[in-house]
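# Architecture at a glance
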Amino acid sequence: MAILLTGITAATMRGGYGLIPDAALLVEGDTIVWLGPRTDAPKAETLDFPGKLLTPGLIDAHTHLVFAGNRAAEFELRLQGASYEEIARRGGGILSTVTATRAATEDDLVTQSLPRLDAMIAAGTTTVEIKSGYGLTIADELKMLRAARRLSALRPVTITTTHLAAHAIPPEYKGRPDTYIEEVAIPSLRAAHAEGLIDAVDAFCETIAFTPAQVDRLFTAARALGLRVKLHAEQLSDQGGAQLAARHAALSADHLEHLSPEGVADMARAGTVATILPGAFYTLRDTQPPPIAALRAAGVPMAVATDCNPGSSPMTSLPLAMNMACTLFRMTPEEALLGATAHAARALGLTDRGTLAVGQRADLALWNLTHPAELSYRIGAEALHKSIIGGRLDA
């Protein structure tokens, strides 16, 4: 059945906001089949939403949504002066979540993660990327990925899954990162791919994690399986991760606070998206912002994501991440919304969403707002009126 939405201001996110005032949009099944001024709309059953703003459903392109436990104690330690790197080197940080996640069952992970997913949906998100990376054994990485896949059966949102076994070096492999790559990261990648559990492969390229050479071996194995890659790069230091990501035609390089001019240029040439994660910058009280002006000048598309995770970004709201991207990094509200829609879709390799256009998937967000800049302007506002996911009006 075709449904015509009317009374809306449509932000198509094509060439910027792409605003169509007093617009109408026709949905048939799970697809947009017509969009334009209401005066030109075809005849169909109509639902009127006077004064509402319509955008594509938001896309969260970088999350660690599936995990067990929390790290509130580390939040207190950082407030007392301990750095993220110091906590990690003491065995805290990612490894503390690894301990809790290893102890959890798959059912436990689904139960603990579902409220976080619901909070994302309530904030207008309709597509979510979820990474593994808190298991760090073959069995526990697969457990996390299975839990993520199960979440997609419990809610109408699209969930893409990313293998991130190269997230940290577990205690049993301390001082042996190369062995970990060969015995856990690559075998778990192959096992997850064989089971159909992953859509992409990620790694943490940093002094407290893995070197470019180690990541290169993992990415070579991933690409041999036909999988796209992405990378946590240049968050705490410049390890040349962005250049490595570009050489592998990565979908995205993420964080990028210490990105070099050479990294910007290589990303631009490769078409790699810069995924901006202001939640971690804010939580860690970082002082080195990513080079937004340089990325903008080079024409590198910028996505914005929550980086939802228990340690450095316990956040589920993409509109809040957009506000932070504008306030902390001086992105424009238009760039921030593009970062949570069209550019986020590109960061996940998805071509069927992120804009309002004929043929696109009908993942839509209706807002109690009059202009899309308000999505970044308002802090913590609950502005969502209704989500329509895959054409489902009851979503």
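Just so it is clear, the model here is predicted, and its values are computed rather than measured.

Let us now look at unusual backbone geometry. In this structure, L256 is a non-glycine residue whose phi angle is positive, near 75°. Position of L256 among the secondary structure elements: in the loop between β10 (252–255) and α9 (261–270). Judged by relative accessible area, which is 0%, L256 ranks as buried. Its identity as a non-glycine residue notwithstanding, D307 has a phi of 60°, on the positive side. With respect to the helices and strands, the residue D307 is situated in the loop between β12 (302–304) and α12 (318–329). According to the relative accessible area criterion, D307 is buried, its value standing at 2%.

Given a rise of 1.5 Å per residue, 13 residues ought to cover 18 Å, and the 18 Å separating the end C-alpha atoms of helix α7 (residues 212–224) matches this to within 8%. Turning to α7, the residues buried within the fold contact β7 (158–166), α6 (177–194), β8 (200–205), β9 (228–233) and α8 (241–247). Phi turns positive one or two residues past the end of α7, at G226, with a value near 80°.

Here we have six strands laid out as an open sheet, ordered β3-β2-β1-β4-β13-β14, and mixed in their pairing. Taken across any chain shown, the strands that pair with only one partner, and hence form the sheet edges, are β3 (31–37) and β14 (384–388). Along the sheet, successive strands turn relative to each other by an average axial angle of 40°, direction set aside. Alignment of strand β1 (residues 2–11) against strand β4 (residues 45–56), held across seven bridges, turns out to be parallel. Paired with L4 across the bridge in β4 is T46.

Right, let's get into the pattern of salt bridges. Tallied over the entire structure, the rule returns 21 salt bridges. Where E172 meets R102, a salt bridge forms, and the shortest distance between an N and an O atom there is 2.8 Å. Within this pair, whereas E172 is found in the loop between β7 and α6, its partner R102 is found in helix α3 (residues 94–103), the two being separated by 70 residues in sequence. Owing to a relative accessible area of 26%, R102 belongs among the partly exposed residues under this scheme. In this structure, the salt-bridge partner of E182 is R217, at a minimum N-O distance of 3.0 Å. Of the two residues, E182 sits in helix α6 while R217 sits in helix α7, which places them 35 residues apart along the sequence. When salt bridges with common partners are traced through the structure, they connect E129, K131, D202 and K230 into a single cluster.

A few words on the nonpolar core. Core analysis: the largest hydrophobic core is formed by 101 residues, its most contacted members being L117, L151, V201, L218, L231 and W367. When sequence neighbours within four positions are dropped, the list of residues in contact with V201 reads T162, H163, L189, L218, F219, A222, L227, R228, V229 and K230. Counting residues in hydrophobic clusters, the runner-up holds 16 residues, among them L35, F49, L54 and L366.

For the rest of this paragraph, the subject is the UniProt feature "binding site: 4-imidazolone-5-propanoate" (unreviewed entry) in the protein chain. Sites flagged by UniProt as "binding site: 4-imidazolone-5-propanoate" (unreviewed entry) map to R71, Y134, H167, Q235 and S312. Tracing the backbone through its elements, the reader meets Y134 in the loop between β6 (125–131) and α5 (138–154). We classify Y134 as buried; its relative accessible area is 2%. The topology assignment puts H167 in the loop between β7 and α6. One polar contact links the side chain of H167 to the main-chain carbonyl oxygen of G133, over a distance of 3.0 Å.

Once that is clear, we can look at the UniProt feature "domain: Amidohydrolase-related" (unreviewed entry) in the protein chain. The residues that UniProt annotates with the feature "domain: Amidohydrolase-related" (unreviewed entry) are residues 54–377. End-to-end, the C-alpha atoms of residues 54–377 are 17 Å apart, and along that stretch the chain is 46% helix and 15% strand.

This part is about the packing of aromatic side chains. Enumeration over the complete set of coordinates arrives at four aromatic pairs. On the numbers, 5.9 Å between centres and 25° between planes, the contact of Y180 with F210 is stacked. One end of the pair, Y180, is in helix α6; the other, F210, is in the loop between β8 and α7, and 30 residues separate them in sequence. Of the two residues, Y180 and F210, both sit in the buried class.

What counts, and at which threshold
- Residues numbered from 1 in each chain as written.
- Predicted model: local features only at pLDDT ≥ 70, side-chain atom pairs only at ≥ 80, totals over all residues.
- Heavy atoms only, no water.
- Helix = DSSP H or I, 4+ residues; strand = E, 2+ residues; numbered from the N terminus.
- Buried < 20%, exposed > 50% of the residue type's maximum accessible area, 1.4 Å probe, protein only.
- Expected span 1.5 Å × (residues − 1).
- Contact = heavy atoms within 4.5 Å.
- Pairing = 2+ DSSP bridges.
- Axes fitted to C-alpha atoms, helices over the stretch in contact; angles between N-to-C directions.
- Salt bridge = Lys/Arg side-chain N within 4 Å of Asp/Glu carboxyl O.
- Core = buried A, V, L, I, M, F, W, Y, C linked by side-chain atoms within 4.5 Å.
- UniProt positions renumbered as here; feature names shortened; annotations may be inferred.
- Polar contact = N/O pair within 3.5 Å; in protein donor to acceptor, adjacent residues only side chain to side chain.
- Phe/Tyr/Trp six-rings, centres within 6.5 Å; stacked < 30°, edge-to-face > 60°.

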